[in-house]
Amino acid sequence: MDDSFAQLPPPVQALAVLAHAHRLQGDAERAALLFAAADALQPDQPQLLAGWAAAELARGRPAPALQALERLAFQPLPPSLRRAFHLLRAQALVGLDRRAEARAAMRAAADA
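Counting of residues starts from 1 at the beginning of each chain's written sequence and follows it residue by residue. Local features in this predicted model are restricted to residues of pLDDT 70 or higher, and side-chain atom pairs are both shown and tallied only at a pLDDT of 80 or more, whereas totals for entire chains, interfaces and linings draw on every residue. For side-chain calculations, the full set of non-hydrogen atoms in the structure is used, while hydrogens and water are omitted.

Draft legend 1. Representation of the packing of helix H3 (residues 46-58) against helix H4 (residues 62-70) within the structure. The angle between two axes is taken between their N-to-C directions and runs from 0 to 180 degrees, where each axis is a line fitted to C-alpha atoms and a helix contributes only its stretch in contact. Segments assigned H or I by DSSP are reported as helices when at least four residues long, segments assigned E as strands when at least two residues long, and all are numbered from the N terminus. Running from amino to carboxyl end, H3 crosses H4 at an angle of 170 degrees, the nearest separation of the two axes being 8 Å. Put simply, H3 runs roughly antiparallel to H4. Residue-level contacts link Leu49, Ala53, Glu56 and Leu57 of H3 to Pro62, Pro64, Ala65, Ala68 and Leu69 of H4. Split by residue class, the contact of H3 with H4 holds eight nonpolar, no polar and one charged. In this scheme, roughly parallel covers angles under 35 degrees and roughly antiparallel covers those over 145, while 65 to 115 is roughly perpendicular and the rest are oblique. Any two residues whose heavy atoms approach within 4.5 Å at even a single point are treated as in contact. Charged residues are taken to be Asp, Glu, Lys and Arg, nonpolar residues to be Ala, Val, Leu, Ile, Met, Phe, Trp, Tyr, Cys and Pro, and polar residues to be all remaining types, Gly included.

Draft legend 2. Seen up close, the pattern of salt bridges. Within this document, salt bridges are pairs made up of a side-chain nitrogen of Lys or Arg and a carboxyl oxygen of Asp or Glu, the two lying within 4 Å of each other. According to the stated counting rule, one finds six salt bridges in the structure shown. With a shortest N-O distance of 3.2 Å, Asp97 and Arg99 are connected by a salt bridge.

Draft legend 3. The packing of aromatic side chains, seen in detail. Paired rings are identified among Phe, Tyr and Trp, the last through its six-membered ring, by centres lying within 6.5 Å, and are further divided according to the angle between planes into stacked (under 30 degrees), edge-to-face (over 60) and tilted (the rest). Following the criterion strictly, the structure yields one aromatic pair and no others. Relative to Phe35, the ring of Phe5 has its centre 6.5 Å away and its plane inclined at 50 degrees; by these criteria the two rings are tilted. Highlighted residues: Phe5 in the segment before helix H1 (10-24) and Phe35 in helix H2 (residues 28-41), separated in sequence by 30 residues. The buried label goes to any residue with under 20% of its type's maximum accessible area, the exposed label to any with over 50%, and the partly exposed label to all in between, with areas taken from a 1.4 Å probe on protein chains only. You can call Phe5 buried: its relative accessible area is 2%.

Draft legend 4. Structural detail: the side chain of His22. One can find His22 in helix H1. Setting aside residues no more than four positions away along its own chain, His22 makes contact with Asp27, Ala28, Arg30, Ala31 and Leu34.

Draft legend 5. Quick look at unusual backbone geometry. At Asp44, a position not held by glycine, the phi torsion is positive, near 65 degrees. By the secondary structure assignment, Asp44 is in the loop between H2 and H3. What makes Asp44 partly exposed here is its relative accessible area of 33%. In this structure, Asp97 is a non-glycine residue whose phi angle is positive, near 60 degrees. By the element assignment, Asp97 lies in the loop between helix H5 (79-95) and helix H6 (99-111). A relative accessible area of 54% means that Asp97 is categorised as exposed.

Draft legend 6. Here's a closer look at the nonpolar core. Remark: nonpolar core denotes a set of buried residues (Ala, Val, Leu, Ile, Met, Phe, Trp, Tyr, Cys) joined through side-chain atoms within 4.5 Å. Residues Phe5, Leu8, Phe35, Leu48, Leu69, Leu72 and Leu88 are the most contacted members of the largest nonpolar core, which totals 32 residues. When contributions to this core are tallied by element, the ones reaching two or more residues are H1, H2, H3, H4, H5 and H6. No other element matches H3, which puts eight residues into this core. Among residues more than four places away in sequence, those in contact with Leu69 are Ala53, Phe85, Leu88 and Arg89.

Here is the structure:
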């Protein structure tokens, strides 16, 4: 199990672990749906939003990925998620053809 989900309530943790497993198996659509369900039960958890964004990017949907990441932008992130946040954000911005912002996100990732 992913340790980043350990602090979540058991029902949310179960959804998050299932979502993560589906993402690892290449089923990004199901992963995104499960991360969305987990977020509905426990909103604004960094590890859920990062997983949801990664699943949306794997589905080729940068706009919803960026929306999830923007909910993280003003939250204190655990050190383990800081670099991932910036890298996911850069990937979403490239997908939206916002290259200057993507470069800035990559620089932030290097500094994280």
